[in-house]
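Read off the chains here:
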Amino acid sequence: MRKKLYLYILVYAICISMSGCGKTGTDNPTEETSDISSSDNIQNYDNPAETPVYKDKDNSTPGSTTETTSMPLAKPDTKKEIISAGKDYSDSKRLVTFLGLKEYKKIKGKTFTDKPKKGNKYLVLFLSIKNNSYEENYINYNYFKSKIDGKNTEHTFLLNDPRNYPSIFTHINPGGHIAGFIAWEVPDKWNKLEITYNGWKDTDNISLTGSFTPKDLDDPIIYNANDYLNNTQS
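Residues numbered from 1 in each chain as written. Predicted model: local features only at pLDDT ≥ 70, side-chain atom pairs only at ≥ 80, totals over all residues. Heavy atoms only, no water.

> Would you take a moment to explain the overall build of the protein for this structure?
Tallying secondary structure elements over the protein gives two helices and 13 strands in all. Counting the 234 residues in the protein, one finds 28% classified as buried. Across the protein, the fraction of contacts at a sequence separation of at least 24, relative to all contacts at a separation of at least 6, is 72%. Only carbon and sulfur atoms are counted for the fraction: they give 51% of the accessible area of the protein, which is about 17,300 Å². (Helix = DSSP H or I, 4+ residues; strand = E, 2+ residues; numbered from the N terminus. Buried < 20%, exposed > 50% of the residue type's maximum accessible area, 1.4 Å probe, protein only. Contact = heavy atoms within 4.5 Å. Areas by Shrake-Rupley, 256 points an atom, 1.4 Å probe, with all protein chains shown as cover.)

Structure follows, in structure tokens:
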């Protein structure tokens, strides 16, 4: 009888111990623990090389300057070339030659006579120009400047052609050769004529200048059109 009693007490003690072991280590039986490591969900930014860089639509970082500024090219200095009574001017594209310088009190024609104001005379410069380039050239009067004894003076358009020469202000075909005149109304006593032509300044960076005095007065030969063929190079 005692043995049965001890047996009942032992079974009861075992049942109590088993019911205590059935509890979990958390007070909330519905909470589940995650097997995924937090390092799988959070990127490591401790390494600067792994830090993400956010960019705008134009593929540039915010606050950065992507525009590049280029410095304008400096324009080369203009070459001041000289023509005189004893010196021609030439380069790879042109040849400018002094033909003569002549004074006129009046210039008669078949219909009209050019007359300067009282106390003045006409001073006429004769030049020839050969176009050695492959492009048409135009001698433009708007680019022509002149001074008489240091004072700015406009050139004069004549009704007649002195020594049969046409005006120098004309077109010159590629390979063409022309001759012509430029005239001014000057005082009877003048000392110095200064000319500047800037028609080639923008294209070839050349400013052609000349200076003449009464010592340079010289009659040109009479104009002959056959000597100046304004043809186009083939």
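Structure's up, so let's keep going.
> I tried to follow the environment of Ala183 on my own but got confused; where do I start?
If you trace the backbone, Ala183 turns up in strand 11 (residues 177-187). A sequence separation of 26 residues divides Ala183 from Phe157, and the C-alpha atoms of the two residues are 6.9 Å apart. Aside from chain neighbours lying at most four places away, what touches Ala183 is Leu123, Val124, His155, Thr156 and Leu158.

> I would appreciate a short explanation of the nonpolar core in the present structure.
The nonpolar side chains of a soluble globular protein tend to be buried with one another. In terms of nonpolar packing, the biggest core is built from 27 residues, with Leu101, Leu125, Trp184 and Leu193 touching the most fellow members. Elements supplying a minimum of two residues to this core: strand 3 (94-104), strand 6 (120-131), strand 8 (144-148), strand 11, strand 12 (193-197) and strand 13 (206-212). Leu158, Tyr165, Ala183 and Tyr228 belong to the second-largest nonpolar core, a separate cluster that totals eleven residues. (Core = buried A, V, L, I, M, F, W, Y, C linked by side-chain atoms within 4.5 Å.)

> Help me understand unusual backbone geometry in this model?
Most peptide bonds are trans, and most residues other than glycine sit at a negative phi. In the Ramachandran plot, Asn164 falls in the positive-phi region, its phi being about 70° despite a non-glycine side chain. The topology assignment puts Asn164 in the loop between strand 9 (151-152) and strand 10 (171-172).

> What's the story with the pattern of salt bridges in this structure? I'm lost.
Pairing between side chains of opposite charge can happen when their charged atoms approach one another. Throughout the structure, instances matching the rule amount to six salt bridges. In this structure, Asp219 engages Lys102 in a salt bridge whose closest nitrogen and oxygen atoms are separated by 3.0 Å. Placement of Asp219 in the segment after strand 13 and of Lys102 in strand 3 is noted, with a sequence separation of 117 residues between them. Overall, the relative accessible area of 44% leaves Asp219 in the partly exposed class. (Salt bridge = Lys/Arg side-chain N within 4 Å of Asp/Glu carboxyl O.)

> Looking at this model, I keep getting lost on the side chain of Asn140. Mind explaining?
The topology assignment puts Asn140 in the loop between strand 7 (137-138) and strand 8. If near-sequence neighbours (up to four positions away) are discounted, Asn140 is found in contact with Phe169 and Tyr197.

> Quick question: what am I supposed to make of the confidence of the model for the protein here?
Do not read the fine detail of predicted coordinates wherever pLDDT is low. Considering every residue of the protein, the mean pLDDT works out to 82; 67% of them sit at 70 or more. This model gives residues 21-42 a pLDDT under 50, and the stretch forms two contacts once residues within four places in sequence are excluded. (pLDDT = per-residue confidence, 0-100.)

> So what exactly am I meant to see when it comes to the packing of aromatic side chains here?
What characterises a pair of aromatic rings is the spacing of the ring centres plus the angle enclosed by the ring planes. Applying the stated criterion across every chain, the model contains eleven aromatic pairs. With centroids separated by 5.7 Å and ring planes inclined at 90°, the aromatic side chains of Tyr141 and Phe157 adopt a geometry described as edge-to-face. On the criterion of sequence distance, the pair formed by Tyr141 in the loop between strand 7 and strand 8 and Phe157 in the loop between strand 9 and strand 10 is long-range, its members being 16 residues apart. The exposure class assigned to Tyr141 is partly exposed, which follows from its relative accessible area of 36%. Here the aromatic rings of Phe144 and Tyr197 are separated by 5.9 Å at their centres, their planes lie at 45°, and the arrangement is tilted. One end of the pair, Phe144, is in strand 8; the other, Tyr197, is in strand 12, and 53 residues separate them in sequence. Given a relative accessible area of 4%, Tyr197 falls into the buried group. (Phe/Tyr/Trp six-rings, centres within 6.5 Å; stacked < 30°, edge-to-face > 60°.)

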